[in-house]
Amino acid sequence: MSPPFPMLTVLSMFYYIYLRRRRARTATRGELMNNRRAIESNRPLPINVELVQYAKEVLDFSSHYGSENSMSYTMWNLAGTPNVYPSSGDFTQTAVFRTYGTWWELCPSARLPFTRTPPNFHSQDYVELAFEEPVYPTAVHVLETYHPGSVVKILACSANPYSQNQPADVRWEVLWSEAPTKVNSPQARQFTPCIKQINFPTNLIRLELNSSLLDYYTELDAVVLHGVRERPMLSLNTSMITLNDLDDDEDGEREDGMDCLNKQFSATVFRESTTNGYFDKLPYELIQLILSHLTVPDLCSLSQTCKLFYQHCCDPLQYIHLSLQPYWARINDTALEYLQPRCVLVQWLNLSWTGNRGTISVSAFSRFLKVCGSELLRLELSCGHFLNETCLEVIAEACLNLQELNLSSCDKLPPPAFNHIAKLHNLKRLILYRTKVEQTALLSILNFCSELQHLSLGSCVMMEDYDTVASMMGAKCKKLRTLDLWRCKNITENGIAELASGCPLLEELDLGWCPTLQSSTGCFAKLARKLPNLQKLFLTANRSVCDSDIEELAANCTNLRQLDILGTRMVSPASLRKLLESCKDLSLLDVSFCSQIDNRVVLELNANFPNVFIKKSFTQ
Amino acid sequence: MFSVLSYGRLVARAVLGGLSQTDSRDYSLVTASCGFGKDFRKGILKKGMCYGDDACFVARHRSADVLGVADGVGGWRDYGVDPSQFSGTLMRTCERLVKEGRFVPSNPVGILTASYCELLQNKVPLLGSSTACIVVLDRTSHRLHTANLGDSGFLVVRGGEVVHRSDEQQHYFNTPFQLSIAPPEAEGVVFSDSPDAADSTTFDVQLGDIILTATDGLFDNMPDYMILQELKKLKNSNYESIQQTARSIAEQAHELAYDPNYMSPFAQFACDNGLNVRGGKPDDITVLLSIVAEYTD
């Protein structure tokens, strides 16, 4: 009976000693490594040497103003040394996002926001930058050259994009975060927030932005990462860092570990308390209503407090609308698995920005959708680079009721994957901005999804012939209300004619940067006459827009709220005055780089039509 | 007889080819620039390198040295457009494309095409047109890749002789091929050639080769023998002496341009076309003078 026990004790003692020795050995090895690195860098005190790096490469981003196959106004301009700074103005050499202000939330294509968004989540766009050498960051400088103030969060990643061996768990640490601020001057500035110290070296920095308070597009020129090669060794500092880390780790694991915590709780021999005090007096629905104001992590924390709340917090009715976008850095396979039983009734699911760098696997995503997809009406997957053809196939099979699908900036999704979307016959909204969708796939989608109301095809570079696409829309998509053809390379007056006569309900049309449209063919006049419901019309950078087009708009589209005619030399102040007089609802008018409309005219129009925001950008 | 000659040439070429292959050193271009604006505004005036309506750039990247000149077409002044804006932006964009490595050394036409596309991507509605000439030296292969659209051009001089030169492209007398962005109402009226129409050549260079890239302001006023005479004075390949030679060439061309009795190549050509013209051709002059040297960091 007794012999095994001493044996075990002896064994465990050996094991303990072994562990101690191993730890000691790894420690010395680590020191050796450090020493070697110090010698290599030829610096006596590497701790104090601050490395200053400009971004080497732009790895990923959610949107940009520029074209996919050019440099002007694209996110790729954030790499390298500044091109414009310290000058201010609207320059091609900078990085510009697709939207600003609240204009895109006020137009007919706007989507309803998700409830339960945590109050500290402001991010609308992001860009990820890789630097040459991993450092412990001491400062991050963002050179903003036009309408600054949009950066709301800066994060650092533990994964090195230039290294083969990646850490098992990819960690994202917030270096700085704040609510968006209104900066009154559009002038250039160097933004240097006070950042938190982190306990790992990084060469992958992510900026998250919110342009909602800005008067115009923000333009970023460069990002500078200051840092030291060795971890700052000040004893006080280190201990503080480790404490912080522990906190953060707990925070990070809270969600994943909750499952087993809950199990422990239920397993413990708690004396079954039958009463819940006053909570017993509250109706079930009322408690549910109160809980509906909690964010998802709070809900998960609450479920650990007692059986009653556990029951409430697991109620699938709490997860009808679920946005996991604010927690993109922490959502992984385990989290999805953990949420799965609670999400069987989910109708709106937002997984945008999640799952990158291998955190969500195709199999876990598929398992989740197979269980939770049947009621799904809206699925947001923007920038989901884990998605592949299988995922789209699963969506098409599991989410038969799906009405809204957002795949914007899923630029790694292969073209054949889009064929599966045609099986979703109930689709009302489809966002394919910056994807590789091809003509055949899109034609079959248009053919079978006759309920489509909102379609975004901005910057779809793989499309062969937009005229064919437009004529299919005119023939099949009678319910189309909004259409985004931003930067489509080859639509002509023929496509526009089919579209205008086939989709009379169109309220919003974005034809920005469509260089093949010529006003002399009468295409814009036709649009104005056939689409009296137009509320938003973007004719950005179409050099041929002229006075007669503006007059047609003034005569026919009196509901117009937003108009962008940036960059035409052929519109005069007189026609604009006519437009402003007849379109009483007009609130946004972009006349930047219209050579006949100078600042004096803008001032005068502003004085006469104070309800209209007239935008006039400048380069100098 | 002919076959023997061509055979001999083949052998010579093979030997030379073999030699150049064994030369594993990297080459680079040492380049100096000089120029004059038509109306006596000398030197660097506007943003970047502009002489009157001419513009030029010199840029380098890991694999190649690139330089280019562009001559803005002056007729746009009638539209109230500054012609140097087009040529200047074109060259600055080329420079940026090179610095960011968005080019292939063996495809200089690609640089021109990409740069022209970027001009169309500008929010500012640019107007204008320009000739352009791009010269790329691939450091490791020792090949000179060039693209030329219009009447700017380049010469490669070896041992006091012109061994390679660009072809002039003209629609008719004094109307060169040109890249252009026209206002919608003038579309079809203005000459607008595709960047793909550029004449593209490849040439193997040797150490010490002199490459002179210039706008028509030089070639219209100075015949080859005068240019070669000036180049003979160039003794070594340090930057100062190149700069000096570039300046003396540009100055001489500038003087000749305003000499009413001088029979310039331009006047010669005009006479051939049935126009009775004498004297130089007052024009903007841009000269980029480069020597192929061994690459040093």
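Please read these numbers as outputs of a predicted model, since none were measured by experiment. Residues take numbers from 1 onward in each chain, read along the sequence in its written order. Each chain gets a letter, beginning with A, and each ligand a number, beginning with 1, in the order they are written. In keeping with the predicted nature of the model, local features appear solely for residues at pLDDT of at least 70, side-chain atom pairs appear and are counted solely at 80 or more, and the whole-chain, interface and lining totals rest on all residues. Heavy atoms throughout the structure, all of them, feed into the side-chain values; hydrogens and water do not.

Caption draft 1: Spatial organisation of the packing of aromatic side chains. Two rings from Phe, Tyr or Trp (for Trp, the six-membered ring) form a pair when their centres sit within 6.5 Å of each other. Planes less than 30 degrees apart are called stacked, planes more than 60 degrees apart edge-to-face, and all others tilted. If you walk through the whole model with that rule in mind, you get 26 aromatic pairs over all chains. Seen in terms of ring centroids, tyrosine 65 of chain A and tyrosine 73 of chain A are 5.4 Å apart; in terms of plane orientation they differ by 75°. Their pairing is edge-to-face. Residue burial is assigned from relative accessible area. The probe radius is 1.4 Å, only protein chains are included, and a residue is buried under 20% of its type maximum, exposed over 50%, and partly exposed in between. We classify tyrosine 65 of chain A as buried; its relative accessible area is 1%. Ring geometry for tyrosine 100 of chain A against tryptophan 104 of chain A: centres 5.7 Å apart, planes inclined by 65°, an arrangement best described as edge-to-face. According to the relative accessible area criterion, tyrosine 100 of chain A is buried, its value standing at 2%. Tryptophan 104 of chain A sits in the buried class, given a relative accessible area of 18%. In this structure an aromatic cluster arises from ring pairing among Tyr65, Tyr73, Tyr100, Trp104, Tyr146, Tyr216, Tyr217, Trp486, Trp513, Phe538 and Phe618 of chain A. Only when the NZ of Lys or the CZ of Arg is both within 6 Å of the ring centre and within 35 degrees of the ring normal is a charge said to sit over the ring. A cation over an aromatic ring shows up here: lysine 123 of chain B above the ring of tyrosine 65 of chain A, its NZ or CZ 4.5 Å from the ring centre.

Caption draft 2: Looking closely at the sheet that holds strand 21 (residues 613–615) of chain A. Residues and elements named next belong to chain A. With respect to topology, 12 strands assemble into an open sheet ordered 10-11-12-13-14-15-16-17-18-19-20-21, the strand pairing being parallel. Across the chains shown, the open sheet's two edge strands, defined by having one partner strand only, are strand 10 (321–323) and strand 21. The average undirected angle you get between the axes of adjacent strands in this sheet is 5°. Being paired, for any two strands, means DSSP has found at least two bridges between them. Comment: elements are numbered from the N terminus, with helices defined as DSSP H or I runs of at least four residues and strands as E runs of at least two. As paired strands, strand 14 (residues 429–431) and strand 15 (residues 454–456) are joined by three bridges and run parallel to one another. Directly across from isoleucine 431, in strand 15, lies its bridge partner serine 456. Lines fitted to C-alpha atoms define the axes here, with helix axes fitted over just the stretch in contact, and angles between the N-to-C directions of these axes take values from 0 to 180 degrees.

Caption draft 3: Region of the structure containing helix 9 (residues 439–448) of chain A. By the burial criterion, the buried members of helix 9 of chain A are Gln439, Ala441, Leu442, Leu443, Ile445 and Leu446 of chain A. The inward-facing, buried residues of helix 9 of chain A contact strand 14, strand 15 and helix 10 (466–476) of chain A. Throughout, a contact is declared for two residues whenever any of their heavy atoms are within 4.5 Å.

Caption draft 4: Representation of the side chain of aspartate 209 of chain B in the model. Within the secondary structure, aspartate 209 of chain B is located in the loop between strand 12 (199–204) and strand 13 (210–214). There is a polar contact of 2.9 Å between the side chain of aspartate 209 of chain B and the backbone nitrogen of glutamine 206 of chain B. Any N or O atom pair separated by 3.5 Å or less is treated as a polar contact, with the protein-specific requirement of one donor-capable and one acceptor-capable atom, and with residues adjacent in sequence counted only for side-chain atom pairs.

Caption draft 5: Region of the structure containing the interface of chain A and chain B. Of the residues lining the interface, 27 residues belong to chain A; the matching set on chain B comes to 15 residues. Accessible area that two parts lose when put together, evaluated with a 1.4 Å probe and summed over both, is termed the buried area. Taken over both partners, the interface formed by chain A and chain B buries close to 1,900 Å², and the fraction arising from carbon and sulfur atoms is 52%. Of all residues in chain A, Met71, Arg543 and Arg569 of chain A bury the most surface against chain B, accounting for 36% of the area lost on that side. Just to be clear on terms, a salt bridge is a Lys or Arg side-chain nitrogen sitting within 4 Å of an Asp or Glu carboxyl oxygen. Between chain A and chain B we count one salt bridge in total. Run the count over chain A and chain B and you get 11 residue pairs in polar contact (both at pLDDT 80 or more). Each residue gets one label: Ala, Val, Leu, Ile, Met, Phe, Trp, Tyr, Cys and Pro are nonpolar, Asp, Glu, Lys and Arg are charged, and the others, such as Gly, are polar. Per-class residue counts for the side of chain A that touches chain B are 10 nonpolar, 12 polar and five charged.

Caption draft 6: Representation of the UniProt feature "domain: F-box" (unreviewed entry) in chain A. UniProt positions are given in the numbering used here, feature names are shortened, and annotations may be inferred rather than shown by experiment. If you check UniProt for "domain: F-box" (unreviewed entry), the listed places come out as residues 276–331 of chain A in our numbering. What you have in residues 276–331 of chain A is 39% helix and 5% strand, and the ends, taken at the C-alpha atoms, are 33 Å apart.

Caption draft 7: Representation of the environment of leucine 553 of chain A within the structure. Residues and elements named next belong to chain A. For leucine 553, the location among the structural elements is in helix 13 (residues 547–556). C-alpha of leucine 553 to C-alpha of serine 582: the two residues are 29 residues apart in sequence and 9.2 Å apart in space. Beyond its immediate chain neighbours, meaning those up to four positions away, leucine 553 contacts Ala528, Leu537, Thr558, Leu560, Leu563, Leu579 and Cys583.

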